[in-house]
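# Observations on the model geometry
One-letter residues, chain by chain:
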There are 2 protein chains.
Amino acid sequence: MTTTAQSEAVERATRVREASRRLATTPADRKNAALEAIAAALEAQTDTILAINGPELERAEANGVAGSFLDRMALTPERIASIAGDVRAVADLPDPVGQIEELQTRPNGLQVGRMRVPLGVIGAIYESRPNVTIDIASICLKSGNGVLLRSGSDAHASSAVLAAIAARAVEEAGLPAHAVEFIQSTDRAEVGEMLRAADQIDLVIPRGGADLIRRVRDEATMPVITGGIGVCHTYIDADADLEMAEPIVVNAKTQRPSVCNAMDTLLVHRDVAAEFVPHITRVLGERGVTVHADARAGALAGEAPNAVPVEDEDYDREWLSLDCSLRIVDSLDDALAHIETHGSGHSEAIVSDSYASAQRFLREADASAVFVNASTYFNDGAQFGLGCEVGISTGKMHARGPMGLRELTSYKWVVLGRGQIRT
Amino acid sequence: MTTTAQSEAVERATRVREASRRLATTPADRKNAALEAIAAALEAQTDTILAINGPELERAEANGVAGSFLDRMALTPERIASIAGDVRAVADLPDPVGQIEELQTRPNGLQVGRMRVPLGVIGAIYESRPNVTIDIASICLKSGNGVLLRSGSDAHASSAVLAAIAARAVEEAGLPAHAVEFIQSTDRAEVGEMLRAADQIDLVIPRGGADLIRRVRDEATMPVITGGIGVCHTYIDADADLEMAEPIVVNAKTQRPSVCNAMDTLLVHRDVAAEFVPHITRVLGERGVTVHADARAGALAGEAPNAVPVEDEDYDREWLSLDCSLRIVDSLDDALAHIETHGSGHSEAIVSDSYASAQRFLREADASAVFVNASTYFNDGAQFGLGCEVGISTGKMHARGPMGLRELTSYKWVVLGRGQIRT
């Protein structure tokens, strides 16, 4: 617990709540001008940002932060330009706020529709990736939401300077001050305070690893969008075009193994296993992939140097590396049962030329995105046409899959009458 | 806590979860046949139902249950026929499950859309109104969701027999057994168990008074749709057509004062107060309404016998009776500020012939439904064209306003490819 009467998190959240009321009705052109101001300020203050990021990287390295995390923390002139470019891309997207959907005229002449409105205040808790600061702030602003940011401690100074630049640009562009707030304290208790501030914060989005997501889900008193954990399957059906299957599997596993939509387990129907398993094991081996195979698949893979026996618990693993599990199944039913047991509801794919199998898989595989004859690596806001995303939700409430601008809004019913009463 | 190893609530919820997996992919015609079977069984077993409801009513009366609650508990042949009719009306509605929305073709040829899917398992906790048992069960079944029902204790036996009839009809019609389960124990601890069963229950809907809603919101570990508490305003603008305003106010207040979309506070712009306040006070008085007026309105109402001084806390009251608060405001800004402070986000109306005022009110009044020149009493699933509803949500997450069939579903992204990979 903090020793102040009110925690920094609650104090800032209260200010964001206040600002969010005015932000909610700010027209798109003014929000876009503020986003352009953020992009321009990031470019103009590149040297300031680098002067803070450089020493922070050194401290992190001295503290033993691992190489891949250091890389995610590092800012360069090119990366800052790229962040600014992303902000301008968000500005270019259509504004969902105020759009009226499905306006209908009822028999009594009432016009009834649903108008998109912002959720209000988003709380974002993320790990030590400074770029996420600007990423989330720009998407929240565009969708009319205030945002309270909490950065991981290793990149706290870099995130803080980016947040300060954004907050100043927002205010100078005439948007409500405090629409973007950043928690300065690195005290972990502030996260707890944030997660109890249900009166100020409408939705919390944790961006990070499984431990962060679990803590947020368990402690938050407001709705949480969880996701980012993908135990993803690609199932090669008896009727699969195996020439199509190979690039889909290779892409899903190797294009970017560290992301949540990468393939973790390859399921192969027994009818095509003798032909496909030795081939795909070799092809994946050429890309550096270790295949954790069940007994039947292992026998088919023969002496492949990259094939090792699978452990039962591997089926529940999100590998995030050049590894995958491989299992032979006797039927589509078995594949669906395996996915139901071991999947995390993220991304599931079938490769099949059977209309019936494809239809069943689409209906029955329960995940944020289900693919027929395509790579799970496509589960992404930009790829689905949303333009941007704050993450991929694996929950079913409110929004599922990539969360873009519209997914950060709610709606209200609008009813246009000319004196109607209900009798 | 219960003394058994596993509570009844969790045991039944587990069975519903299992059944819900098959129910999710059950086609509409089979769900509709099951709904027809429920309706027919209710009609055929009317005598059985009445034989249980009659003595239960007597026990409740002996226990001191008040008249309006007794009336809500009472079943008659006509009411049972009406419940059966409502079930058939749900069967007649289009099935949202499996519908694919906004299917688009991406530049790479991928077809990407969103398929409606059930949420899974709904937990319903309601007070002593047996008809709610069938109401919620039929809407959940039609939307492909399993449902665990928990009834208030006064009407427990009546709700139990209705649930048993529904469950048997569902099973005999070939739908998964245990798609509808009813908690037999009246132990209050079972509610706590239910609210902790986040692995089995996807969404909890409390239907009842403020105490129930608060308990559910505070204790539930899964998402909750709260609503049903409406502190609703009707604002008479400076540019209002006062002849139109009168029936709108009278309808919103008097047509059904006990419901959540009834008007609680009338706000009148000072420019029309001298003309409108004395008139509407008299008209409301003729309908038996006590007007709790602020000082300025009270002075204008003069000697009206139904005008009494408003207390500050009245502005936060949901009257649920033939009472309303009345306040004169100096501007639209003041009206919006009053609504922001005292409204519960349920239903807000403006009466105005000013385009600018109507537009501002639509944008800025923050509620599940916002009305221009119409009665707030229209905030209802049937009136909005949803056909049915399980309640009116005043939260912003997932669904807002009347919750019909579509609002009890989620979606998954479906992606149809022909071998695409992402580079």
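Provided above is the structure to which this section pertains.
Note that the structure is a prediction, hence the values are computed from the model and not measured.

This next bit is on the environment of Ser258 of chain B. All names here are of chain B. Tracing the chain through its elements places Ser258 in the loop between α10 (242–254) and β8 (263–269). Residue classification places Ser258 among the partly exposed positions, given a relative accessible area of 38%. Taking the C-alpha atoms as reference, Ser258 lies 4.2 Å from Leu320; in sequence the two are 62 residues apart.

Residue and element names in this part refer to chain B. A rise of 1.5 Å per residue sets the reference length of helix α1 (residues 8–23), with its 16 residues, at 22 Å; its end C-alpha atoms lie 22 Å apart and thus fit the reference within 8%. Taken together, the buried positions of α1 are occupied by Glu8, Ala9, Val10, Arg12, Ala13, Val16, Arg17, Ala19, Ser20 and Leu23. Close packing links the buried residues of α1 with β3 (121–126), α6 (130–142), β4 (146–150), β5 (180–182) and α8 (189–196).

To continue, consider the sheet that holds strand β3 (residues 121–126) of chain A. Residue and element names in this part refer to chain A. Reading across the sheet, the four strands line up as β5-β4-β3-β6 and stay open at both edges, with parallel pairing between neighbours. Of all the strands in the sheet, just β5 (180–182) and β6 (203–207) have a single pairing partner and so form its edges. Mean inter-strand twist for the sheet, computed between neighbouring axes without regard to direction, equals 20°. In this sheet, β6 lies alongside β3 in parallel orientation, the contact comprising five bridges. Of the residues in β6, the one forming a bridge with Ile125 is Pro206. Along the sheet, helix α7 (residues 156–172) makes contact with β3, β4 (146–150) and β5, crossing β5 at roughly 155°. Packing of helix α8 (residues 189–196) onto the sheet brings it into contact with β3, β4 and β6, and relative to β3 it is tilted by some 150°.

Notably, His398 of chain A is not glycine yet its phi reads approximately 70°, a positive angle. Assignment of secondary structure puts His398 of chain A in the loop between β14 (392–393) and β15 (401–402). Here His398 of chain A falls in the buried class, since its relative accessible area comes to 15%. Here the phi dihedral of Glu102 of chain B falls at roughly 50°; this positive angle occurs in a residue that is not glycine. Along the chain, the position of Glu102 of chain B falls in strand β1 (residues 100–105).

All right, on to the packing of helix α6 (residues 130–142) of chain A against α7 of chain A then. For any two helices packed against each other, one specifies the crossing angle of their axes together with the interaxial distance. Residue and element names in this part refer to chain A. Following both chains from N to C, one finds α6 and α7 inclined at 25°, their axes separated by 7 Å at the closest point. By the criterion of interaxial angle, the relationship of α6 to α7 is roughly parallel. Viewed along their axes, α6 and α7 form a crossing whose handedness is right-handed. Residues Pro130, Asn131, Thr133, Ile134 and Leu141 of α6 form the contact with α7, whose participating residues are Ser158, Ser159, Leu162, Ala163, Ala166 and Val170. For the contact of α6 with α7, a count of residues per class yields seven nonpolar, four polar and no charged.

With 67 residues of chain B at the interface, the matching set in chain A holds 67 residues. Of the roughly 5600 Å² buried between chain B and chain A on both sides combined, carbon and sulfur atoms contribute 55%. Counting the surface chain B buries against chain A, the share from its top three residues, Met397, Trp413 and Arg422 of chain B, is 16%. The tally of links from chain B across to chain A stands at six salt bridges. Note that Glu340 of chain A is salt-bridged to Arg21 of chain B, the shortest N-O span being 3.0 Å. There are 45 residue pairs in polar contact (both at pLDDT 80 or more) connecting chain B and chain A. At the level of secondary structure, the elements contributing two or more residues to the side of chain B that touches chain A comprise β1, β2 (111–118), α10, α14 (355–364), β13 (369–374), β15 (401–402) and β16 (409–420) of chain B. The leading source of residues in the side of chain B that touches chain A is β16 of chain B, at eleven residues.

Our next topic: a negative patch on the surface. Residue and element names in this part refer to chain A. A cluster of acidic side chains, namely Glu311, Asp312, Glu313 and Asp316, defines a negative patch on the protein surface. As for its position among the elements, Asp316 is in the loop between β10 (307–309) and β11 (323–329). Relative accessible area serves as the criterion here: at 45%, Asp316 is assigned to the partly exposed category.

Residues and elements named next belong to chain A. Assignment of secondary structure puts Ser158 in helix α7. Classification of Ser158 by relative accessible area gives buried; the value is 0%. Placed 91 residues apart in sequence, Ser158 and Val249 show a C-alpha to C-alpha distance of 38 Å. Apart from the residues within four sequence positions on either side, Ser158 is in contact with Ile52, Asn53, Glu56 and Pro130.

Residues and elements named next belong to chain B. Taken in spatial order, the four strands of this open sheet run β5-β4-β3-β6, and their pairing is parallel. Whereas interior strands pair on both sides, the edge strands pair on one side only; in this sheet they are β5 and β6 (203–207). Recorded for the sheet is a direction-independent mean angle of 20° between the axes of neighbouring strands. For β3 and β4, the ladder comprises five bridges, and the chain directions are parallel. Each residue of the ladder has a partner; that of Ile122, found in β4, is Val147. Where α8 meets the sheet, its contacts fall on β3, β4 and β6, and the angle it forms with β3 comes to roughly 150°.

Residues and elements named next belong to chain B. Two elements in contact, helix α2 (residues 28–44) and helix α5 (residues 77–92), have axes whose closest approach is 9 Å; the angle formed by their N-to-C orientations is 175°. The angle between α2 and α5 places the two elements in the roughly antiparallel class. Touching Asn32, Leu35, Glu36, Ile38, Ala39, Ala40, Leu42 and Glu43 of α2 are Ile80, Ile83, Ala84, Val87, Arg88, Val90 and Ala91, all from α5. In terms of residue class, the contact of α2 with α5 is made up of eleven nonpolar, one polar and three charged.

For the coordinates displayed, the defined rule picks out six aromatic pairs over all chains. Relative to Phe384 of chain A, the ring of Phe371 of chain A lies with its centre 6.3 Å away and its plane at 40°, an arrangement referred to as tilted. Highlighted residues: Phe371 of chain A in strand β13 (residues 369–374) and Phe384 of chain A in the loop between β13 and β14, separated in sequence by 13 residues. Pair check on accessibility: Phe371 of chain A and Phe384 of chain A agree, each one buried. Judged by centre distance (6.3 Å) and plane angle (80°), the ring pair of Tyr411 of chain B and Trp413 of chain B falls under edge-to-face. Here the aromatic cluster, defined as three or more aromatic residues joined through ring pairs, consists of Phe371 and Phe384 of chain A together with Tyr411 and Trp413 of chain B. A cation sits over an aromatic face here: Arg114 of chain A above Trp413 of chain A, 5.8 Å from the ring centre.

For the pair chain B and chain A, the superposition axis carries a translation of 0.0 Å, the fit reaches an RMSD of 0.0 Å, and the rotation angle comes to 180°. Look at the turn and shift together and you get a two-fold axis relating the two. In terms of C-alpha distance to the rotation axis, chain B has His398 of chain B as its closest residue, with the C-alpha 1.8 Å off the axis. Looking at chain B, 100% of its interface residues are interface residues in chain A too, so the copies touch through the same face.

For the rest of this paragraph, the subject is the state of the cysteines. All names here are of chain A. Counted according to the given criterion, the structure contains zero disulfides over all chains. Note on Cys260: no disulfide assigned, nearest cysteine sulfur contributed by Cys232 at a separation of 7.0 Å. You can call Cys260 buried: its relative accessible area is 18%. Cys140 supplies the cysteine sulfur nearest to Cys388, a cysteine that is in no disulfide, at a spacing of 9.9 Å.

For the rest of this paragraph, the subject is the pairing of strand β9 (residues 290–293) of chain A. Residues and elements named next belong to chain A. The sheet contact formed by β9 and β11 spans four bridges and is parallel. Bridge pairing links Val291 to Cys324 in β11. Across three bridges, the pairing between β9 and β10 is parallel. If you follow Val291 over to β10, its bridge partner there is Ala307. What joins β9 to β10 is helix α12 (residues 295–301), and the crossover it makes is right-handed.

Conventions used here
Residues numbered from 1 in each chain as written. Chains lettered and ligands numbered in written order. Predicted model: local features only at pLDDT ≥ 70, side-chain atom pairs only at ≥ 80, totals over all residues. Heavy atoms only, no water. Helix = DSSP H or I, 4+ residues; strand = E, 2+ residues; numbered from the N terminus. Buried < 20%, exposed > 50% of the residue type's maximum accessible area, 1.4 Å probe, protein only. Expected span 1.5 Å × (residues − 1). Contact = heavy atoms within 4.5 Å. Pairing = 2+ DSSP bridges. Axes fitted to C-alpha atoms, helices over the stretch in contact; angles between N-to-C directions. Parallel < 35°, antiparallel > 145°, perpendicular 65-115°, else oblique. Left-handed = near helix turned anticlockwise from the far one by under 90°. Nonpolar A, V, L, I, M, F, W, Y, C, P; charged D, E, K, R; others polar. Buried area = accessible area lost by both parts, 1.4 Å probe. Salt bridge = Lys/Arg side-chain N within 4 Å of Asp/Glu carboxyl O. Polar contact = N/O pair within 3.5 Å; in protein donor to acceptor, adjacent residues only side chain to side chain. Patch = residues over 30% accessible without salt bridge, like charges linked within 9 Å, V, L, I, M, F, W, Y side chains within 5 Å. Areas by Shrake-Rupley, 256 points an atom, 1.4 Å probe, with all protein chains shown as cover. Lys, Arg positive; Asp, Glu negative; His and termini not counted. Charge placed at Lys NZ, Arg CZ, Asp CG, Glu CD. Phe/Tyr/Trp six-rings, centres within 6.5 Å; stacked < 30°, edge-to-face > 60°. Lys NZ or Arg CZ within 6 Å of the ring centre and 35° of its normal. Least-squares fit on C-alpha atoms with pLDDT ≥ 70 in both. Disulfide = S-S within 2.5 Å. Right-handed = clockwise from strand over helix to strand, strands pointing away.

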